[in-house]
Every structure is written in C-alpha cells, then in structure tokens.
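Topology and contacts: notes
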Amino acid sequence: MTPPPFVIAIQSQVVFGHVGNSAALFPMQAAGLEVAAIPTVVFSNTPNYPTLRGRALPPEFFSDLLQGARERGLAERADILLTGYIGSLDVALMVADFVAEAKTLNPRLTYLCDPVMGDAGPGLYVPEAIADVMRNRLLPLADLATPNPFELGWLTGGTTRTLADLQTARDRLTLAPAARLIVTGCALEDTPEGHIESVILGPGGTSRHPTPHLPIALPGTGDLFAGLVVAGLGRGLTLPRAVETAQVLTARALAHAQALGAGEVVLTEPEFRRALLTLGSP
C-alpha cells in the first residue's frame, strides 16, 4: 500500500478560530494528506477580537520540537514543506535553518513559503527583522511562494498594479531560477471587473487565474488558500489546477462564513468538506 503524501506545516496555531495551521491542517488532512503540524505561535484566538492571549513559542521549546522532528526523520519522509506566520526572530532563524537542512536531506522535497507578514489594510504586522529573514533566508529556498500584493511590494520595493509590475517583482525577488511565484488576491489594472486573480510566474511562463471577488476580508483566508494549494498538489493536481481549486474552495468557505455572520474563516460548509474528500479524483 502506498503511504499518503506527507507534509510538514510550520506556522501559527490558535485555540479558537481558523488561522495558520488551524485553517490549513483540516483541509490537508481531509484531502488525505498526512501532516506534521509544528506551531510557531499559540494564541487563544484570531487577532480580530478585543483580546488576544498566548505568545510565540519560547525559542528553547520550539528548538526542542524541531529536534523531535529530526529524530523522527520527518524531513526525509516529507513530500511538501509549508511555512507561514512566524512570531519571533529567534524562531524565524530556526525555521530557516530547518528548511535548509530539510532540503539538503531530501532533494525531492517541495517547499512552499507563504511569507505571512502583512496586508493592504494593517500594513506590515511582523517586525521587519522577521520579514527580512523571510526575504533573505526563506524565499531563496522556496520552490513555491504565495505572497499577496502588499507582501510582494514590501519584499521588492515595487508596485503591483500591472502584470509587468509582477514580472519585475519576480525578477527582484531572491527566488531560485526554477521557483514559481503565485501572487494571490491581485486586482490589476486589467483584471476583469468584479474579480481578483492569482497570477503564477515562473520559468515556464505566466498564467492568470481570475475568480469573482467576494467583498469579505477575514483572518485566515491566505492560510486556508495555501493549505488548499498544498492539498491539491499532494493529490496530484498541476499547480494551475491546484490554485484554481483552492480559489473555488476558499470562496466557498468565505461565503459560508458571511452567511453565518462569522468574523473569520469557517470550515464546516458541507460542499467544501465533500470536495476535499474527492480532491484529485478523475
């Protein structure tokens, strides 16, 4: 019997709500992937509530978790490695070391870097030192990267209004030549009215994937999207199809959250859950 695809996911976790691994873990597992979830921070809830408890993992605690992952040979087993939100510089540096080590131990590993650092509304919401680690240490190791337009603009110092802007930004990033950049949530000058799009840029060319724009901005949307892309890739979808499937399912989750009046992503919509069970099926 063939073992299921194996993912290491290193990002935030919350007690209540859906951001980071608390948004990405369920869809990956429901799609049939085995996931080792390593938290970088543990918070009581998403940041849109009046109070927020918890903290970034203490460096020695996080280091111990990584050592346990090494002792279980997780890097050697993994098919995909996903990193997202990181809450302290010490942890960011350890994540960078672990990713570099994992890619050396396992050349077939696909690394998706979701450089979670900010958005158009709140701006940069991690310290610049952490964002610098993402730009200078993590992105050069990435096979796939999924910044939003704000993050791409911050990382490259450029604008993100046109396809040419995105192509220039791709050239300015410290990505490996074979890496593919997936810019999410783009509203370019020629994006169809009432839509946003994901744009994939890489050595094989550029593809654009528009989707209807829902007037909803909820915590965890990007984390869910990245987890769904990983789920699709793990089930054998091509990258363009994985991106389009992730857009459809993310939109379904957002629409359900809006219908419920929820203040964050919701993962309970029946068709959303049903689609995960058959992801990648003919």
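Residues numbered from 1 in each chain as written. Predicted model: local features only at pLDDT ≥ 70, side-chain atom pairs only at ≥ 80, totals over all residues. Heavy atoms only, no water.

Per an unreviewed UniProt entry, the protein chain carries the name pyridoxal kinase and comes from Gemmobacter caeni.

A few words on the overall build of the protein chain. Of regular secondary structure, the protein chain possesses 10 helices and 11 strands. The C-alpha radius of gyration computed for the protein chain amounts to 17 Å, which stays within 12% of the reference 19 Å derived for 282 residues, consistent with globular compactness. Projected onto its principal axes, the C-alpha coordinates of the protein chain cover approximately 50 × 45 × 40 Å. Relative to its full complement of 282 residues, the protein chain shows a buried share of 51%. Relative to all contacts within the protein chain whose residues are 6 or more apart in sequence, the contacts with residues 24 or more apart total 67%. As displayed, the protein chain offers around 12,400 Å² of accessible surface, 55% of which is attributable to carbon and sulfur atoms. The centroid of the 19 positive side-chain charges in the protein chain is displaced by 4 Å from the centroid of its 26 negative side-chain charges. (Helix = DSSP H or I, 4+ residues; strand = E, 2+ residues; numbered from the N terminus. Rg over C-alpha atoms; globule rule 2.2 N^0.38 Å. Buried < 20%, exposed > 50% of the residue type's maximum accessible area, 1.4 Å probe, protein only. Contact = heavy atoms within 4.5 Å. Areas by Shrake-Rupley, 256 points an atom, 1.4 Å probe, with all protein chains shown as cover. Lys, Arg positive; Asp, Glu negative; His and termini not counted. Charge placed at Lys NZ, Arg CZ, Asp CG, Glu CD.)

With respect to the helices and strands, Arg 172 occurs in helix H7 (residues 163–172). On a C-alpha basis, the gap between Arg 172 and Gly 158 in space is 9.1 Å, while along the polypeptide they are 14 residues apart. If near-sequence neighbours (up to four positions away) are discounted, Arg 172 is found in contact with Thr 156, Gly 157 and Gly 158.

So, on to the layout of surface pockets. Estimated volume of the largest pocket: approximately 1,400 Å³. Along its surface, the largest pocket is lined by 50 residues, and Asp 119, Asn 148, Leu 218, Thr 221 and Gly 222 are the ones closest to its centre. With five residues, helix H9 (residues 239–260) is the largest single contributor of residues to the lining of the largest pocket. Across the lining of the largest pocket, the residue classes tally to 27 nonpolar, 18 polar and five charged. (1 Å grid on protein atoms, 1.4 Å probe; cavity = no way out; pocket = protein on both sides within 12 Å on 5 of 7 lines; lining within 4 Å. Points joined across faces, edges and corners; volume = space filled by probe spheres on them. Nonpolar A, V, L, I, M, F, W, Y, C, P; charged D, E, K, R; others polar.)

Attention shifts here to the pairing of strand S5 (residues 110–113). Relative to S5, strand S4 (residues 80–83) runs parallel, the two being bridged by four bridges. By the bridge assignment, Leu 81 is partnered in S5 with Tyr 111. You can see the chain leave S4, run along helix H4 (residues 89–105) and come back into S5, and the turn it takes is right-handed. Where S5 and strand S8 (residues 144–145) come together, two bridges link them in parallel fashion. (Pairing = 2+ DSSP bridges. Right-handed = clockwise from strand over helix to strand, strands pointing away.)

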